[in-house]
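Architecture at a glance
Take a look at the letters that make up each chain.
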Amino acid sequence: MERFIITEDGSHSLFSAKFNQQYHSLQGALDESKHIYINLGLKPVLENASGPVYVFEMGFGTGLNAFLAWKLADSLQKQVFYTTVEAYPVSEDEAALLNYEALTGETDFMELHKSPWGVQNNISPNFVFQKELTTIEEFNSGHIFDVVFYDAFDPRAQPELWTAEIFAKIAAQTKQAGVLVTYSSKGIVKRALRAGGFKVERHKGPGRKTHVLKAIKL
Ligand SMILES: C[S@@+](CC[C@H](N)C(=O)[O-])C[C@H]1O[C@@H](n2cnc3c(N)ncnc32)[C@H](O)[C@@H]1O
């Protein structure tokens, strides 16, 4: 299978041979990212924020979620501190071929990919970015997060990333009433989130996807 995928909304995604998984929904990478991570997760928090908002993303991948978060922070003129972990990075050469600038009309996508690992980088006055080259299992942040983008590969491919233990670890680094959003609404995900310390809400998914989850830290 080719590494590059063109999803139904015209946006690119990638295929991981290691996990036999694509990075996004085949129905639309950009639609999925906007619907779940931006519109359901970050935007309502950012619109109501009176100070900086701390975001954690599991799985930097193509950088699409981070790119949209950055551009939202700039357009709302609200400060975001964005931390993301990635264990198996996409190369800069591959990232440079992704069509996210063309589809969004935004610029400087590669700033995220060129940003050094393990360093807080002031990408714009509103967007402080830090990516960590590590696994979610190993990662511990000094921050307490307001919003978590949980974008691991599917529970069938990586069941170890959708456990009560992982979600409890994330809950311990999430503010009370902070939100976690994710594309998977499987029963095992809901149960693991509840056991990890979240209240789980089901929301309409993007396109033909029936449900996605928004979880609130108790
Ligand atoms: C569904 S993709 C993420 C898509 C990404 N958010 C984007 O916008 O392109 C899952 C990502 O998690 C990464 N990953 C897999 N196992 C991991 C682990 N144990 N810790 C951290 N990252 C991991 C993969 O390499 C992949 O980039």
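Below is a summary of the structure that appears in this document. Along each chain, residue indices are assigned from 1 in the same order as the chain's sequence is written. Predicted model: local features are reported for residues with pLDDT of at least 70 only, side-chain atom pairs are reported and counted for 80 or more only, and whole-chain, interface and lining totals are derived from all residues. In computing side-chain properties, one takes all heavy atoms of the structure into account and sets aside hydrogens as well as water.

In this section: the packing of helix H1 (residues 29-48) against helix H2 (residues 64-76). With their axes 10 Å apart at the nearest point, H1 and H2 run at an angle of 40° to one another. Put simply, H1 runs oblique to H2. Classified by chirality, the crossing of H2 by H1 is right-handed. Where H1 abuts H2, its residues Ala29, Leu30, Ser33, Lys34, Tyr37, Ile38, Leu42, Lys43, Leu46 and Glu47 lie against Leu64, Asn65, Leu68, Ala69, Leu72, Ala73 and Leu76. Here an angle of 0 to 180 degrees is reported between the N-to-C directions of two axes, which are lines fitted to C-alpha atoms, with helices fitted over the stretch in contact. Here a strand is any run of E in DSSP of at least two residues, a helix any run of H or I of at least four, and the numbering for each starts at the N terminus. By the definition adopted for this analysis, an angle is roughly parallel if under 35 degrees, roughly antiparallel if over 145, roughly perpendicular if from 65 to 115, and oblique otherwise. Definitions for this section: a left-handed crossing has its near helix turned counterclockwise from the far helix by less than a right angle. A right-handed crossing has that turn clockwise. Whether two residues are in contact is decided by their heavy atoms: any pair within 4.5 Å suffices.

What follows covers H1. Relative to the 28 Å expected for 20 residues at 1.5 Å per residue, H1 spans 27 Å between its end C-alpha atoms, a close match to the ideal helical length. Of all the bends in H1, the greatest measures close to 45° and is centred on Ile38. Restricting attention to buried positions, one finds in H1 the residues Ala29, Leu30, Glu32, Ser33, Ile36, Tyr37, Ile38, Leu40, Gly41, Leu42 and Leu46. By this rule, a helix spans an expected 1.5 Å times one less than how many residues it contains. Across the chain, bend at a residue is computed as the angle between axes fitted to the seven residues ending at that point and the seven starting from it. Remark: exposure states derive from per-residue accessible area (1.4 Å probe, protein chains only) relative to the maximum for the residue type, with buried under 20%, exposed over 50%, and partly exposed in between.

Turning our attention to the site of the ligand. Consider each residue's heavy atoms; a residue with any of them within 4 Å of a molecule or strand counts as near. In the vicinity of the ligand lie 23 residues, with Glu57, Gly59, Thr62, Glu86 and Asp151 positioned nearest. In protein, a polar contact means a hydrogen-donor-capable atom and an acceptor-capable atom, both N or O and within 3.5 Å, with residues adjacent in sequence counting only if both atoms are side-chain atoms; elsewhere, any N or O pair within 3.5 Å suffices. The separation between a nitrogen atom of the ligand and a polar side-chain atom of Asn65 is 3.3 Å. Accessibility throughout is a Shrake-Rupley quantity obtained with a 1.4 Å probe, and a residue counts as covered only by protein chains that appear here. Alone, the ligand offers 610 Å² of accessible surface; in the complex the protein occludes 98% of this. A cavity here means a set of points on a 1 Å grid, drawn over the protein atoms and nothing else, where a 1.4 Å probe fits but cannot get out; a pocket is an open set with protein on both sides within 12 Å along at least five of seven lines, and a residue lines either one if it has an atom within 4 Å of a point. Being in a pocket or cavity means that more than half of the molecule's atoms lie within 2 Å of its grid points. The cavity that encloses the ligand is the largest pocket. Those elements that provide at least two residues to the shell around the ligand are strand E4 (53-58) and H2. Split into classes, the residues belonging to the shell around the ligand amount to 10 nonpolar, nine polar and four charged. The residue classification treats Ala, Val, Leu, Ile, Met, Phe, Trp, Tyr, Cys and Pro as nonpolar and Asp, Glu, Lys and Arg as charged. All others, Gly included, are polar.

Any Lys or Arg side-chain nitrogen located within 4 Å of an Asp or Glu carboxyl oxygen qualifies as a salt bridge. Tallying each qualifying case throughout the model produces six salt bridges. Two residues, Glu8 and Arg208, come together in a salt bridge whose shortest N-O distance is 3.1 Å. Pair noted here: Glu8 is in the loop between strand E1 (4-6) and strand E2 (12-16) and Arg208 is in the loop between strand E10 (198-204) and strand E11 (211-217), with a separation of 200 residues, a long-range link. Using a relative accessible area of 59% as the deciding quantity, one classes Arg208 as exposed. A salt bridge links Lys114 to Glu92; the shortest N-O distance between them is 3.2 Å. Of the two residues, Lys114 is situated in helix H5 (residues 110-114) and Glu92 in helix H3 (residues 92-95); the sequence distance between them amounts to 22 residues. The network of salt bridges with common partners includes Asp154, Arg156 and Lys186.

Looking now at the packing of aromatic side chains. Any Phe, Tyr or Trp ring, taking Trp's six-membered ring, that has another such ring centre within 6.5 Å forms a pair; planes under 30 degrees apart are called stacked, those over 60 apart edge-to-face, and the others tilted. One pass over the structure, following the stated rule, counts 20 aromatic pairs. Relative to Phe139, the ring of Phe56 has its centre 5.3 Å away and its plane inclined at 5°; by these criteria the two rings are stacked. With Phe56 in strand E4 and Phe139 in the loop between strand E7 (127-133) and strand E8 (145-150), this pair connects stretches of sequence that are 83 residues apart. There is no split in this pair, since Phe56 and Phe139 are both buried. Taken together through their ring pairs, the aromatic side chains of Tyr37, Phe60, Phe67, Trp70, Tyr82, Tyr100, Phe109, Phe127, Phe129 and Phe149 make up a single cluster. We call a charge positioned above a ring when the Lys NZ or Arg CZ atom is no farther than 6 Å from the ring centre and deviates by at most 35 degrees from the ring normal. Note that Lys18 overlies the ring of Phe19, its terminal NZ or CZ placed 5.5 Å from the centroid.

Gaps between atoms show up when a probe of the same size as a water molecule is rolled over them. Grid points are joined across faces, edges and corners, and a volume is the space filled by probe spheres set on the points. Applying the stated criterion across every chain, the model contains two cavities of 30 Å³ or more. What lines the largest cavity is simply Phe56, Ile136, Phe139, Phe145, Val148, Lys169, Ile170, Gln173 and Thr174. Looking at the lining of the largest cavity, the elements that each hand over two or more residues are E8 and helix H6 (164-172). Space inside the second largest cavity adds up to approximately 50 Å³. If you go around the second largest cavity, the residues you meet are Ser25, Gln27, Gly28, Asp31, Glu32, Pro206 and Gly207. Of the residues in the lining of the second largest cavity, the class split is one nonpolar, four polar and two charged.

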